[in-house]
Amino acid sequence: MLTGKQKRHLRSLAHHLDPLFQVGKGGSNEHLIRHISEAIEKRELLKVSVLNNCLEDPREIAQELAEGAKAELVQVIGKTIVLYKESKDYKTIELP
């Protein structure tokens, strides 16, 4: 689990990132979760946007993606989800 200070630091780093994945009306599925798992291993910090045509709640989608990718949910703001997972091979982010 991340502390409040760590989440605040990650939110500040994620502010300048563009969403790498989009969740559409199909919702989250195994392929999306697999791609997110692979990308988060390289980047550590990732943004996902939920499109307007998606019928599910962004918070529910964020929980599914975080559990599926074994990542930490940093923030859900509007329809944007921020995920973090410490990389084994490509560690670049130092948490406070």
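In the nomenclature of an unreviewed UniProt entry, the chain corresponds to CRM domain-containing protein from the organism Paenibacillus vortex V453.

K.L.:
Account for the UniProt feature "domain: CRM" (unreviewed entry) in the chain, with residues named and values stated.
P.N.:
Mapped onto this numbering, the UniProt entry annotates "domain: CRM" (unreviewed entry) at residues 1-96. Measuring from the first to the last C-alpha atom of residues 1-96 gives 14 Å, for a span that is 39% helix and 21% strand.

K.L.:
Describe in detail helix H3 (residues 58-69), supporting the description with residues and values.
P.N.:
When the terminal C-alpha atoms of H3 are compared, their 16 Å separation across twelve residues agrees well with the 16 Å that a helix rising 1.5 Å per residue should span. Against strand E1 (21-23), helix H2 (30-43), strand E2 (45-50), strand E3 (72-77) and strand E4 (80-84) lie the buried residues of H3.

K.L.:
Describe the side chain of Ser28, and please don't skip the residues or the numbers.
P.N.:
The residue Ser28 is located in the loop between E1 and H2 in this model. Only 2.3 Å separates the side chain of Ser28 from the side chain of Glu64, close enough to count as a polar contact. The contacts of Ser28, once residues within four sequence positions are left out, are Val23, Glu56, Glu64 and Leu65.

K.L.:
Got a sec to walk through the environment of Lys91? Specific residues and values, please.
P.N.:
Structurally, Lys91 is set in the segment after E4. With a relative accessible area of 38%, Lys91 lands in the partly exposed category. C-alpha of Lys91 to C-alpha of Lys42: the two residues are 49 residues apart in sequence and 8.2 Å apart in space. Sequence-distant contacts of Lys91, defined by excluding residues within four places in its chain, comprise Glu44, Tyr84 and Glu86. In terms of polar contacts, Lys91 uses its side chain to reach the backbone carbonyl oxygen of Ile93, at 2.9 Å.

K.L.:
Before we move on, could you go through the nonpolar core and cite the residues and values that matter?
P.N.:
The biggest cluster of nonpolar side chains holds 20 residues, and the ones touching the most others in it are Ile36, Leu65, Ile81 and Leu83. If you list the elements that add at least two residues to this core, you get E1, H2, E2, H3 and E4. Leu65 has contacts with Val23, Ser28, Leu32, Ile33, Ile36, Val48, Ile81 and Leu83, leaving out every residue within four places of it along the chain.

K.L.:
Explain the sheet that holds E3 to me, using residue names and the numbers behind them.
P.N.:
Taken in spatial order, the four strands make up an open sheet running E1-E2-E4-E3, and their pairing is mixed. Looking at the sheet topology across the chains shown, the edges are occupied by E1 and E3. Averaged over neighbouring strand pairs, the angle between their axes works out to 25° when direction is ignored. As paired strands, E3 and E4 are joined by five bridges and run antiparallel to one another. Considered in E4, the bridge of Ile77 is made with Thr80. Packed on one face of the sheet, helix H1 (residues 4-14) meets E2, E3 and E4 and runs near 60° to E3. Strand contacts of H3: E1, E2, E3 and E4, with the helix running at about 20° to E4, the strand carrying the most contacts.

Rules used in this analysis
Residues numbered from 1 in each chain as written. Predicted model: local features only at pLDDT ≥ 70, side-chain atom pairs only at ≥ 80, totals over all residues. Heavy atoms only, no water. UniProt positions renumbered as here; feature names shortened; annotations may be inferred. Helix = DSSP H or I, 4+ residues; strand = E, 2+ residues; numbered from the N terminus. Expected span 1.5 Å × (residues − 1). Contact = heavy atoms within 4.5 Å. Polar contact = N/O pair within 3.5 Å; in protein donor to acceptor, adjacent residues only side chain to side chain. Buried < 20%, exposed > 50% of the residue type's maximum accessible area, 1.4 Å probe, protein only. Core = buried A, V, L, I, M, F, W, Y, C linked by side-chain atoms within 4.5 Å. Pairing = 2+ DSSP bridges. Axes fitted to C-alpha atoms, helices over the stretch in contact; angles between N-to-C directions.

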